[in-house]
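# Structural overview for review
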Amino acid sequence: MADMGNLWEDLRKQARQLENEIDLKLVSFSKLGTNYSSHIDYGNESAPLINKSSSEHMFDTMAMEIEQLLSKLQDVNDRMSDYTQNISMSSPSAALLHTLQRHRDILQDYSHEFHKTKANISAIREREDLLGSVRRDISAYKNSSGLNRRTDMYLKEHDHIRSSEKMIDDQISIAIATKENLQSQRKVLGTITQKMNSLANRFPLINTLMQKINLRKRRDTIILASVIATCVIILLLYAFH
């Protein structure tokens, strides 16, 4: 009976120790939930990733430790329940049953508090992930828009350069065609001149006749100019008389 009493006291000691550890862990876990969002600052492009990763690692580690402690406390409570059932033939005292119930209630409260805090932190993480995703999408869109604008500007400038090159090529083609045309006309005129000189050398009378015609034309031109000048002078004299 003494060994059974020692077992009960040992189980109670283990339960109290685990409860104290769980209580301290839950306090720290609750503070982590309160300060979780403050560790994430999307205003910085590099630090937030480090802070967020560290906070998430701390959350996962602490949650796992608390779950292990709760599991150990559950095991101790089960062993305490088995103890009370084993001595049921001896009619366990009401104090023993009350102690067992109190430890069960503590375990239930701790489990409820843990799951509530864990759910709150998970909700905060999801919200922060959503906000971070939205901010990254906005930043990516802005960067993409700026890149697209620069790309459009470069494409327009490239098209302008291509158009200028095409215009220059057209002007060069026109100049070459004009040069070839003038050279062709020059050759034609040279050929005509050679033929006229050849005809003049072959027929001196034609050359003389052409010279007389030119002299008569100049004489007629001089006479016509003299008549016009005389008429103008007479008109001026008449106008100022």
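Quantities reported herein were computed from a predicted structural model and do not represent experimental measurements.

As for its placement among the helices and strands, Leu-70 is situated in helix H2 (residues 47-86). For Leu-70, a relative accessible area of 9% translates into the label buried. Along the primary structure Leu-70 and Phe-114 are separated by 44 residues, whereas in three dimensions their C-alpha atoms are 9.4 Å apart. In contact with Leu-70, not counting residues within four places along its chain, are Ile-22, Leu-107, Tyr-110, Ser-111 and Phe-114.

In this model, the protein chain carries an average pLDDT of 77, and 77% of its residues clear a pLDDT of 70 or more. At the low end of the mean pLDDT range in the protein chain sits helix H3 (residues 94-202), at 77; at the high end sits helix H1 (residues 2-35), at 84. Predicted confidence for residues 41-50 stays below pLDDT 50, and this span has eight contacts to residues more than four positions away or in other chains.

Counting 26 residues, the largest nonpolar core has Ile-22, Phe-29, Ile-66, Leu-70, Met-80 and Phe-114 as its most contacted members. Counting only elements with at least two residues in this core, the list comes to H1, H2 and H3. No other element matches H2, which puts ten residues into this core. Sequence-distant contacts of Ile-22, that is, excluding residues within four places in its chain, are made with Leu-69, Leu-70, Leu-73 and Tyr-110.

Our focus in this paragraph is the side chain of His-103. Take His-103: it is sitting in helix H3. Each residue touching His-103, except ones within four places of it in the same chain, is listed here: Arg-12, Ala-15, Arg-16, Glu-19, Asn-77 and Met-80.

Next up on the list: a negative patch on the surface. Together, Asp-23, Asp-105, Asp-109 and Glu-113 make up a region of like negative charge exposed at the surface. Here the element with the most residues in the negative patch is H3; it accounts for three residues. Relative to the helices and strands, Glu-113 is located in helix H3.

For the rest of this paragraph, the subject is the pattern of salt bridges. For the structure on display, the rule yields two salt bridges. For Glu-65, the salt bridge is made with Lys-25, and the minimal N-O distance between the two is 2.6 Å. With a gap of 40 residues between them, Glu-65 in helix H2 and Lys-25 in helix H1 connect regions that are remote in the sequence. On the basis of relative accessible area, Glu-65 is assigned to the partly exposed category, the value being 29%. With a shortest N-O distance of 3.0 Å, Glu-67 and Lys-118 are connected by a salt bridge. Taken together, the residues span a long stretch of sequence, with Glu-67 in helix H2 and Lys-118 in helix H3 at a distance of 51 residues. Of the residues examined, Glu-67 reaches a relative accessible area of 36% and is grouped as partly exposed.

Our next topic: the packing of aromatic side chains. Applying the stated criterion across every chain, the model contains three aromatic pairs. Between Trp-8 and Tyr-83 the ring centres are 5.1 Å apart and the planes differ by 25°, which places this aromatic pair in the stacked class. Of this pair, Trp-8 sits in helix H1 while Tyr-83 sits in helix H2, and the two are 75 residues apart along the sequence. No difference in accessibility class separates Trp-8 from Tyr-83, as the two residues are buried. Geometrically, the ring pair formed by Phe-29 and Phe-59 is stacked, given 5.5 Å between the ring centres and 15° between the ring planes. In this pair, Phe-29 sits in helix H1 while Phe-59 sits in helix H2, placing the two residues 30 residues apart along the sequence.

Examined against the element boundaries, Thr-84 turns out to sit in helix H2. A polar atom in the side chain of Thr-84 sits 2.6 Å from the backbone oxygen of Ser-81.

The rules we used
Residues numbered from 1 in each chain as written. Predicted model: local features only at pLDDT ≥ 70, side-chain atom pairs only at ≥ 80, totals over all residues. Heavy atoms only, no water. Helix = DSSP H or I, 4+ residues; strand = E, 2+ residues; numbered from the N terminus. Buried < 20%, exposed > 50% of the residue type's maximum accessible area, 1.4 Å probe, protein only. Contact = heavy atoms within 4.5 Å. pLDDT = per-residue confidence, 0-100. Core = buried A, V, L, I, M, F, W, Y, C linked by side-chain atoms within 4.5 Å. Patch = residues over 30% accessible without salt bridge, like charges linked within 9 Å, V, L, I, M, F, W, Y side chains within 5 Å. Areas by Shrake-Rupley, 256 points an atom, 1.4 Å probe, with all protein chains shown as cover. Salt bridge = Lys/Arg side-chain N within 4 Å of Asp/Glu carboxyl O. Lys, Arg positive; Asp, Glu negative; His and termini not counted. Charge placed at Lys NZ, Arg CZ, Asp CG, Glu CD. Phe/Tyr/Trp six-rings, centres within 6.5 Å; stacked < 30°, edge-to-face > 60°. Polar contact = N/O pair within 3.5 Å; in protein donor to acceptor, adjacent residues only side chain to side chain.

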